[in-house]
Amino acid sequence: MGSIKQLASQTFIYGLSSIVGRLLNYLLVPFYTRVFSTDEYGTVTEMYTYITFLMIFLTYGMETGFFKFSKTEDDKDKLYSTTFLSLLTTSFIFIALGLLFAPQIAEFLHYSNHVNYISFFILILGVDALTAIPFARLRQQNKAIKFAVFKLINISVNIFCNLFFILWLPKLAENYSIFNSIYDPETGVGYIFLSNLIASSLTLIMFIPDLLKFKFKFSFALLKMMLIYSLPLLVSGLAGQINEFFDRISINMFYTIPEGVTDPIQYKLSMLGIYGANAKIAVFMTLFIQCFRYAADPFFFSSQGQPNFNQLFADVNKYLLAFGLFIFLFIVYYLDFFKYFIGKQFWDGLQVVPMLLFGHLLVGLIYVQSFWYKLKFLTHYGIIIFVIGSVITIVLNIFLVPIWGYMACAFANNICYLVMLIITFVWGRKHIPCVYDYKSMILYFLLTVALFVPTFFTSQLPLALRISLHTVMLMFFVLVVYRRENLQPQIKKLISRFLKRR
């Protein structure tokens, strides 16, 4: 339990910055979905799909490689500088080529009238790739507070710039001629991208004092070893992004256009906007998985070799599943309130939220299970697993999206993730043999299914009665986990420590 508590405390600190930051950032979602139309928000969803996909390419698995080699490399300065300089070189090349061919890229993506969108994203990608390793170093050194502060500043600046460019600047331009030269109504959602670029650039600037104090050492031999380890992670990462974001691409490619629609591109962007906005409601599951991942990387690599590591690995899987299922039920049960985070014009897609939530939980479980091939230098297995998932995702989207629309996207993702989880688990058992608490894990899953099914029948009940029933069912789930895991002694200890500090 001591190691579990350490992981939990790190998850809390990283999660605090992520949760507070994401919640602040999350407040932009109702803002966007009320200021912009469904097709305009579809543009935002599409562009951020590309940026997430390309970020995997630009970091090419070096973050995980950095954590892995920090365990074996004595010269930590050489490890850090070699990794950073490698990313600096590739990011500079990417920015130069991207800006050079921005007009051609914009025309290919049907944004020939908004080349600035492409330029913004090229710069965002390059700058974010540069800060990836400095952030990873903070995690490796357990400087969670500094990590959290930098992340919160980034998000705060992003929010302020969004409000300034989208809400305040148009009003200033109306009343003061000096602002007319700054404000361009045609930029539209481009101000979202510009705000992101300003925030990312400021984050890089905040790291400059640390970089100037650092004595850089570069080792080609070390870089070669890191690339051998990390490049398979690049391939598996790209395949993973196909699994996660091909749904958005497939809406543009395969969505069936109803008769009478005069602008197919605008219609598809509207469907993409509805899907993307409802995906934001699943943010709490994404948040939990993300902050867990921040803590899990250094935790598992540093815990490797401990006598109780295998049992620790099994326990983390169980607790992750239990807490993830609680979040799933919480959001589904109170979807009547969560739906107000997006505009009413996006509510047609609310039925997709439960599947998106479950898919995010599966991603978290896959992430934990995948540590066996990262710890054992068997990263090529990751390629096989994620390529299998990519094939499933692509095939199911091609055949099902024309029939079921964006519901097929979420369904395809869940099938893909479930298959990947099974394969990762079966293969991982040979390398990290664990005694899993199967009874508890199966119980929690079946209980969640049993508590979820009634939501199909309670939807017609009055809101007050429906929420009351859902609250009782959620408390029942908590009670079962509480009693089965014997959490009472642990909670008493936490309360006792808190009272002593008071």
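Residues numbered from 1 in each chain as written. Predicted model: local features only at pLDDT ≥ 70, side-chain atom pairs only at ≥ 80, totals over all residues. Heavy atoms only, no water.

1. Brief notes about the overall build of the chain
Formally: Put simply, DSSP H or I for four residues or longer makes a helix, DSSP E for two residues or longer makes a strand, and each gets a number counted from the N terminus. In what follows, residue pairs with any heavy atoms lying within 4.5 Å of each other are defined as contacts. All accessible areas in this document rest on Shrake-Rupley with a 1.4 Å probe, and a residue is counted as covered only by the protein chains that are shown.
When helices and strands are tallied, the chain shows 22 helices and 0 strands. Long-range pairs, those at least 24 residues apart, make up 84% of the contacts in the chain with a sequence separation of at least 6. Total accessible area on the chain stands at roughly 23,500 Å², and carbon and sulfur atoms take up 68% of it.

2. Section: the environment of Pro 232
Definition in use: Type-normalised accessible area, obtained with a 1.4 Å probe on protein chains alone, sets the label of each residue: buried when under 20%, exposed when over 50%, and partly exposed for intermediate values.
Assignment of secondary structure puts Pro 232 in helix H10 (residues 220-254). You can call Pro 232 buried: its relative accessible area is 14%. With 148 residues separating them along the chain, Pro 232 and His 380 place their C-alpha atoms 5.5 Å apart. Excluding anything up to four places from it in sequence, Pro 232 contacts Leu 227, Thr 379, His 380 and Ile 383.

3. Some points on the confidence of the model for the chain
For any part of a model where pLDDT is low, the fine detail of the predicted coordinates should not be relied upon. Under the convention used in this document: pLDDT is a per-residue confidence score from the predictor, ranging from 0 to 100.
Taken residue by residue, the chain gives an average pLDDT of 83. The fraction at 70 or more is 89%. Considering each helix and strand of the chain separately, the mean pLDDT is smallest for helix H22 (residues 488-501), with a value of 49, and largest for helix H19 (residues 438-452), with 94. Contacts for the low-pLDDT stretch residues 497-502, under 50 throughout, to residues beyond four places or in other chains number 1 contact.

4. Re the side chain of Asp 39
Applied cut-off: The charge count includes Lys and Arg as positive and Asp and Glu as negative, but it does not include His or the ends of the chains. Take a side-chain nitrogen of Lys or Arg and a carboxyl oxygen of Asp or Glu: if they are within 4 Å of each other, that pair is a salt bridge.
Along the chain, the position of Asp 39 falls in helix H3 (residues 38-59). For the buried Asp 39, no salt bridge exists, and the shortest N-O distance to an oppositely charged side chain is 14 Å, to Lys 268. Residues in contact with Asp 39, not counting those within four places in the same chain, are Gln 266, Leu 269 and Ser 270.

5. Thoughts on unusual backbone geometry
The phi angle at Tyr 60 is positive, at roughly 35 degrees, despite the residue not being glycine. Checked against the element boundaries, Tyr 60 lands in the loop between H3 and helix H4 (62-70). Looking at Tyr 60, the relative accessible area reads 8%, which means it is buried. Even without being a glycine, His 110 presents a positive backbone phi close to 65 degrees. With respect to the secondary-structure elements, His 110 resides in the loop between helix H6 (102-108) and helix H7 (115-140).

6. Overview of a nonpolar patch on the surface
For clarity, the threshold we go by: Patch members must show over 30% relative accessible area and no salt bridge, and they are joined within 9 Å when carrying like charges or within 5 Å when they are nonpolar side chains of Val, Leu, Ile, Met, Phe, Trp or Tyr.
On the surface, a nonpolar cluster with roughly 790 Å² of combined accessible area is contributed by Tyr 438, Ile 442, Phe 445, Leu 446, Val 449, Val 453, Phe 456 and Phe 457. Only H19 and helix H20 (455-458) provide two or more residues apiece to the nonpolar patch. Broken down by element, the residue count for the nonpolar patch peaks at 5 residues, all from H19. Mapped onto the elements, Ile 442 comes out in helix H19.

7. Here's the deal with the pattern of salt bridges
A side chain of one charge can pair with a side chain of the opposite charge when the charged atoms of the two come close. The tally for this structure, following the rule as stated, stands at 6 salt bridges. Close ionic contact of Arg 248 with Asp 247 constitutes a salt bridge, the shortest N to O distance being 3.2 Å. We classify Asp 247 as buried; its relative accessible area is 1%. Where Arg 466 meets Asp 336, a salt bridge forms, and the shortest distance between an N and an O atom there is 3.0 Å. Linking Arg 466 in helix H21 (residues 463-484) with Asp 336 in helix H14 (residues 335-338), this pair joins segments that are 130 residues apart in sequence. For the pair shown, Arg 466 and Asp 336 are each scored as buried. If you follow the salt bridges from partner to partner, you end up with Lys 318, Asp 437 and Glu 485 in one network.

8. What to know about the packing of helix H15 (residues 353-369) against helix H18 (residues 406-431)
For clarity, the cut-off: Orientation is described by axes fitted as lines to C-alpha atoms, over the contacting stretch for helices, and by angles from 0 to 180 degrees between their N-to-C directions. Any angle between 65 and 115 degrees counts as roughly perpendicular, while under 35 counts as roughly parallel, over 145 as roughly antiparallel, and the rest as oblique. For any pair of crossing helices, the crossing counts as left-handed if the nearer helix is rotated counterclockwise from the farther one by less than a right angle, and right-handed if it is rotated clockwise. Three classes are used, and their members are as follows: Ala, Val, Leu, Ile, Met, Phe, Trp, Tyr, Cys and Pro are nonpolar, Asp, Glu, Lys and Arg are charged, and the others, Gly among them, are polar.
Relative to each other, H15 and H18 sit at 20 degrees, their axes nearing to 9 Å. When the axes of H15 and H18 are compared, the pair comes out roughly parallel. Crossing angle aside, the handedness with which H15 passes H18 is left-handed. Within the contact between the two elements, H15 uses Met 355, Leu 356, Phe 358, Gly 359, Leu 362, Val 363, Leu 365, Ile 366 and Gln 369 and H18 uses Met 407, Ala 410, Phe 411, Asn 414, Tyr 417, Leu 418, Met 420, Leu 421, Thr 424 and Phe 425. In terms of residue class, the contact of H15 with H18 is made up of 15 nonpolar, 4 polar and no charged.

9. A short note on the packing of aromatic side chains
The cut-off we apply is this: Note on aromatic contacts: the rings of Phe and Tyr and the six-membered ring of Trp form a pair at centre separations within 6.5 Å, being stacked when their planes are under 30 degrees apart, edge-to-face when over 60 apart, and tilted otherwise.
All told, the structure shown has 39 aromatic pairs when counted by the stated rule. With 6.4 Å between their ring centres and 70 degrees between their planes, Phe 66 and Tyr 80 make a pair best called edge-to-face. With Phe 66 in helix H4 and Tyr 80 in helix H5 (residues 76-100), the pair connects residues that are 14 residues apart, well separated along the chain. The class of Tyr 80 is buried, set by a relative accessible area of 4%. For the ring pair Tyr 111 and Tyr 117, a centre distance of 6.1 Å and an interplane angle of 55 degrees mean the geometry is tilted.

10. Topic: helix H17 (residues 380-404)
Rule in force here: Expected span of a helix, by definition, is 1.5 Å for each gap between consecutive residues, and there is one gap fewer than residues. Note on bend: the value at a residue is the angle between axes fitted to the seven residues ending there and to the seven starting there.
Counted at 1.5 Å a residue, the expected span for H17 with its 25 residues is 36 Å, and the 35 Å between its end C-alpha atoms agrees. Roughly 35 degrees is the biggest bend found in H17, and it falls at Ile 398, with proline Pro 402 one to four residues downstream. Taken together, the buried positions of H17 are occupied by Gly 382, Ile 385, Phe 386, Gly 389, Ser 390, Ile 392, Thr 393, Asn 397, Leu 400 and Val 401. Just past H17, the residue Gly 405 takes up positive phi, approximately 70 degrees.

11. Brief notes about H7
Over its 26 residues, H7 extends 38 Å from the first C-alpha to the last, a length consistent with the 38 Å expected when each residue adds 1.5 Å. Along its length, H7 reaches its greatest deviation from straightness, about 30 degrees, at Ala 132, and the proline Pro 134 lies no more than four positions downstream. Of all 26 residues in H7, 19 are buried, a share of seventy percent or more. Residue Asn 142 follows H7 closely and has a positive phi angle near 60 degrees.

12. Section: the side chain of Ser 200
Considering the arrangement of structural elements, one finds Ser 200 in helix H9 (residues 190-213). Setting aside its immediate chain neighbours within four residues, Ser 200 contacts Ile 124, Val 127, Asp 128 and Asn 154.

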